[in-house]
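Structural overview for review
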Amino acid sequence: MAWLQPDARFDADACSAPVIGIAATLAEHDSGWHQHARSQLLYTRAGCTRLTFGDRISLLPPSRAAWIPGGLLHRAQMRQAVDYRSLYFDATLSAYLPQQPAIIGVGPLLQALLEPIAQAPFAHDWQAPRAGHQLALCVLEIAAAPVEPMELPLPRDPRIARCMPVAEQLPPELGELARRSGLSVRTIGRLMQRDTGMGYQAWRQQWRLMRAMELLLGHRVAHVALELGFSAESPFIAFFRSMVATTPAAFQRAESARAAG
């Protein structure tokens with residue numbers, strides 16, 4: 001395992017082992033757009049990471065993992081302290097694992113396997129019986145892990161995409177988007193349905209939900225409500241409950257408990 005400093009350089013593809021692991025605690029970090037030949041499992045022990053895979057934004061809360069197939073262009077952004085582990089698998093092992101990116105749930109067995117594999121030195125002998133069994137079981141657990149709905153497809157039409165603000169800012173209301181883009185409300189609805197599978201209003205609400213989950217991991221409910229354009233806490237709480245059947249405070253408690261182990 002390598003503990004990485006925020007400014008350290010690391011090339012997963014330079015290693016020859018079937019799997020290599022790293023660990024780091026980062027804050028206010030932006031990986032920039034990059035790719036590597038090895039497939040990556042990025043496990044968030046504490047904090048929250050926003051991942052962008054070209055046509056989608058994914059949220060990685062505590063105790064979840066992102067599966068990133070080899071060769072996929074992606075970007076990771078961390079706004080607060082994030083403690084994470086990464087495993088990088090060679091092409092032989094990756095052939096047994098998913099071919100599409102996803103956010104997966106990490107059960108107790110997979111969680112127990114991740115740490116010793118991440119802590120193993122780069123030159124570890126993965127042919128040894130115990131190590132080989134650990135690695136094989138880890139691969140099976142990743143392949144069988146449940147996929148969690150923590151992603152938001154992005155509009156591809158350039159007339160809509162260029163009107164979208166930076167990732168942290170609330171997308172404009174439908175009427176404002178129509179004005180900026182020069183498109184009719186009906187055309188926007190048709191293009192959004194084609195690109196994202198949902199109408200613009202539903203897409204904007206899903207964006208708000210994902211941003212709320214991200215902010216709730218480090219901020220008070222009142223701050224999140226204001227940040228997302230709600231007039232007060234109560235309408236934000238009603239919105240959040242309608243989307244995920246729980247309150248923002250209950251979500252915060254549950255995520256803190258998950259992160260604590």
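You'll find the structure just up there.
Because the structure is a prediction, the values reported are computed rather than measured. (Residues numbered from 1 in each chain as written. Predicted model: local features only at pLDDT ≥ 70, side-chain atom pairs only at ≥ 80, totals over all residues. Heavy atoms only, no water.)

Turning our eyes to something else, we now look at the packing of helix 7 (residues 200–216) against helix 9 (residues 233–244). Where helix 7 contacts helix 9, the axes come no closer than 11 Å and their chain directions differ by 105 degrees. By the angle between their axes, helix 7 is roughly perpendicular relative to helix 9. Of the residues in helix 9, those touching helix 7 at Gln205, Gln206, Arg208, Leu209, Ala212, Met213 and Leu216 are Phe236, Phe239, Phe240, Met243 and Val244. Of the residues that constitute the contact of helix 7 with helix 9, the class distribution is 9 nonpolar, 2 polar and 1 charged. (Axes fitted to C-alpha atoms, helices over the stretch in contact; angles between N-to-C directions. Helix = DSSP H or I, 4+ residues; strand = E, 2+ residues; numbered from the N terminus. Parallel < 35°, antiparallel > 145°, perpendicular 65-115°, else oblique. Contact = heavy atoms within 4.5 Å. Nonpolar A, V, L, I, M, F, W, Y, C, P; charged D, E, K, R; others polar.)

Another aspect to go through is the nonpolar core. Counting residues in each nonpolar core, the largest one holds 75 residues, and the members touching the most others are Leu41, Leu87, Phe89, Ile142, Ile188 and Phe236. At 9 residues, the largest contribution of residues to this core is made by helix 7. Contacts of Leu87, omitting those with residues within four sequence positions, involve Val19, Ile20, Gly21, Ser39, Gln40, Leu41, Leu114, Ile117, Ala118 and Cys138. (Core = buried A, V, L, I, M, F, W, Y, C linked by side-chain atoms within 4.5 Å. Buried < 20%, exposed > 50% of the residue type's maximum accessible area, 1.4 Å probe, protein only.)

Moving on, we get to the packing of aromatic side chains. Counted under the stated rule, the structure contains 6 aromatic pairs. Members of the aromatic cluster, joined through ring pairs, are Phe230, Phe236, Phe239, Phe240 and Phe251. For the cation-ring pair, Arg208 lies above Phe230, with the distance from its terminal atom to the ring centre recorded as 4.2 Å. (Phe/Tyr/Trp six-rings, centres within 6.5 Å; stacked < 30°, edge-to-face > 60°. Lys NZ or Arg CZ within 6 Å of the ring centre and 35° of its normal.)

Let us look at the environment of Gly182. Inspection of the secondary structure puts Gly182 in the loop between helix 5 (174–181) and helix 6 (185–196). Separated by 22 residues in the primary sequence, Gly182 and Ile160 have C-alpha atoms spaced 9.3 Å apart.

Turning next to the pairing of strand 6 (residues 56–60). For strand 6, a buried count of 5 out of 5 residues is recorded, marking the element as mostly surrounded by other parts of the structure. Pairing analysis gives 4 bridges linking strand 5 (residues 49–52) to strand 6, with the strands arranged antiparallel. Bridge pairing links Thr52 to Ile57 in strand 6. Here strand 5 folds back onto strand 6, and the loop between the two strands holds 3 residues, one of which, Gly54, carries a positive phi near 65 degrees. Note that strand 6 and strand 11 (residues 151–153) share 3 bridges and pair antiparallel. The partner of Arg56 across the bridge, within strand 11, is Pro153. (Pairing = 2+ DSSP bridges.)

Moving on, we come to the side chain of Thr44. In this fold, Thr44 is placed in strand 4 (residues 39–46). Judged by its relative accessible area of 0%, Thr44 falls in the buried class. When residues no more than four places from it in sequence are discounted, the contact partners of Thr44 are Thr49, Leu60, Pro61, Pro62, Ser63, Arg64, Val82, Asp83 and Tyr84.

In this section: helix 7. The end-to-end C-alpha distance of helix 7 is 24 Å, a good match for the 24 Å that 17 residues give at a rise of 1.5 Å each. Within helix 7, 14 of the 17 residues are buried, which leaves the element mostly enclosed by the surrounding structure. (Expected span 1.5 Å × (residues − 1).)

Let's shift gears to the side chain of Arg85. Along the chain, Arg85 turns up in strand 9 (residues 82–89). Classification of Arg85 as buried rests on a relative accessible area of 5%. Of note is the side chain of Arg85, whose polar atom sits 3.2 Å from the side chain of Asp83. (Polar contact = N/O pair within 3.5 Å; in protein donor to acceptor, adjacent residues only side chain to side chain.)

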